[in-house]
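Summary of the model geometry
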Amino acid sequence: MLIALLFGTAITADAQWSVGVKGGWDYTSITRSNAGRIDETYSPLSGYDVGIQARYGFTNWFALRADLSVMRRSHRMDRHLDYLDSLYTEHHNLYLMLPILADFSFGGAHFRGHAMVGGYVGYWLQDHIKGKTYWMTDYVMYYNPFDEKRPFTQEDRRFTAGITGGLGLSYLIDDHWGLNLDALYYYDLVSHRRSSAHLQDPRYLNTLSVTFGVTYQF
């Protein structure tokens, strides 16, 4: 009944499609248990978010929006041991993301504010790691920098899903072209590390994305 009501409202309100491109900055942290890793600290890193977007307006205040984007969701781990110097690993994770958002807007005919909430699915495309580790031979410590693509293993879960929401601003330049600025927060509900009977080590990524977009309205 709700779907029928929305479609009926759309017909009477002259519903419209818009499509566009977007690009911008993101900032990702990791949520992980610290049990057994007292020498490790985790910190967020910046990345990017680029892609395409489509929006279907049912009324002048409600729409559904879908984005398809490539996001670099990165974070860093530092090890702190008295006998080791500046050991760290940066994970630069590349994801394909598809959020579906309910878009509630308010304002005038040209300049509008947006409140958005929904969910997303994603797929882990690549993990590029860089940092510094160590190895020993004949009681001599050697430091080894690395910068390489990490192959996936059976312990990795490449599918992810979660919830997202945020705020946005849009400006309609004329009858067709518009600009939008969005800030969305992505919170994983699926760990990208598989648990086993011997090791429970869930890891979730949390990403703030700020993007600028150009849209065309049909």
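Below, the structure is looked at part by part. Predicted model, so just to flag it, every value in this text is computed and none were measured.

Here the focus is the layout of surface pockets. In this structure, the largest pocket encloses a volume near 630 Å³. R55, R112, H114, S170 and Q217 are the residues nearest the centre of the largest pocket, which is lined by 30 residues in total. If you list the elements that add at least two residues to the lining of the largest pocket, you get β1 (16-32), β2 (40-57), β4 (87-107), β5 (111-137), β7 (159-172), β8 (177-188) and β9 (203-217). No other element matches the four residues that β8 contributes to the lining of the largest pocket. Size it by volume and the second largest pocket reaches roughly 250 Å³. Lining the second largest pocket are 17 residues, with R32, H75, H91, R193 and R203 positioned closest to its centre. Elements supplying a minimum of two residues to the lining of the second largest pocket: β1, β2, β3 (62-79), β4 and β5. Take the lining of the second largest pocket: its biggest share by element is three residues, from β4. Its residues placed into classes, the lining of the second largest pocket shows four nonpolar, five polar and eight charged.

With that out of the way, let us pick up the nonpolar core. Counting 11 residues, the largest nonpolar core consists of I30, M71, Y95, M97, L101, M116, Y120, W124, L184, Y186 and L205. Listing elements by their share of this core, those giving two or more residues are β4, β5 and β8. When near neighbours in sequence (up to four residues on either side) are disregarded, Y120 contacts R73, M97, L98, P99, T160, A161, G162, I163, T164, Y186, Y187 and D188.

On to the pattern of salt bridges, then. Using the criterion set out here, one finds 14 salt bridges in the structure. Residues R73 and D188 are paired through a salt bridge, measuring 3.2 Å at the closest nitrogen-oxygen approach. Residue R73 is located in strand β3, and its partner D188 is located in strand β8; the two are separated by 115 residues in the primary sequence. Across the pair, exposure class does not vary: R73 and D188 are buried alike. The network of salt bridges with shared partners includes K22, D49, R65, D67 and D182.

A separate point is the packing of aromatic side chains. Following the criterion strictly, the structure yields 12 aromatic pairs and no others. Cluster of aromatic residues (ring-pair linked, three or more members): W17, Y56, F58, W61, F62 and F104. Its end group placed over the ring of Y95, R73 keeps NZ or CZ at 5.1 Å from the ring centre. The ring centre of Y88 lies 3.9 Å from the NZ or CZ of R76, which sits over that ring.

What counts and what doesn't
Residues numbered from 1 in each chain as written. Predicted model: local features only at pLDDT ≥ 70, side-chain atom pairs only at ≥ 80, totals over all residues. Heavy atoms only, no water. 1 Å grid on protein atoms, 1.4 Å probe; cavity = no way out; pocket = protein on both sides within 12 Å on 5 of 7 lines; lining within 4 Å. Points joined across faces, edges and corners; volume = space filled by probe spheres on them. Helix = DSSP H or I, 4+ residues; strand = E, 2+ residues; numbered from the N terminus. Nonpolar A, V, L, I, M, F, W, Y, C, P; charged D, E, K, R; others polar. Core = buried A, V, L, I, M, F, W, Y, C linked by side-chain atoms within 4.5 Å. Buried < 20%, exposed > 50% of the residue type's maximum accessible area, 1.4 Å probe, protein only. Contact = heavy atoms within 4.5 Å. Salt bridge = Lys/Arg side-chain N within 4 Å of Asp/Glu carboxyl O. Phe/Tyr/Trp six-rings, centres within 6.5 Å; stacked < 30°, edge-to-face > 60°. Lys NZ or Arg CZ within 6 Å of the ring centre and 35° of its normal.

These figures capture arrangement, not role.
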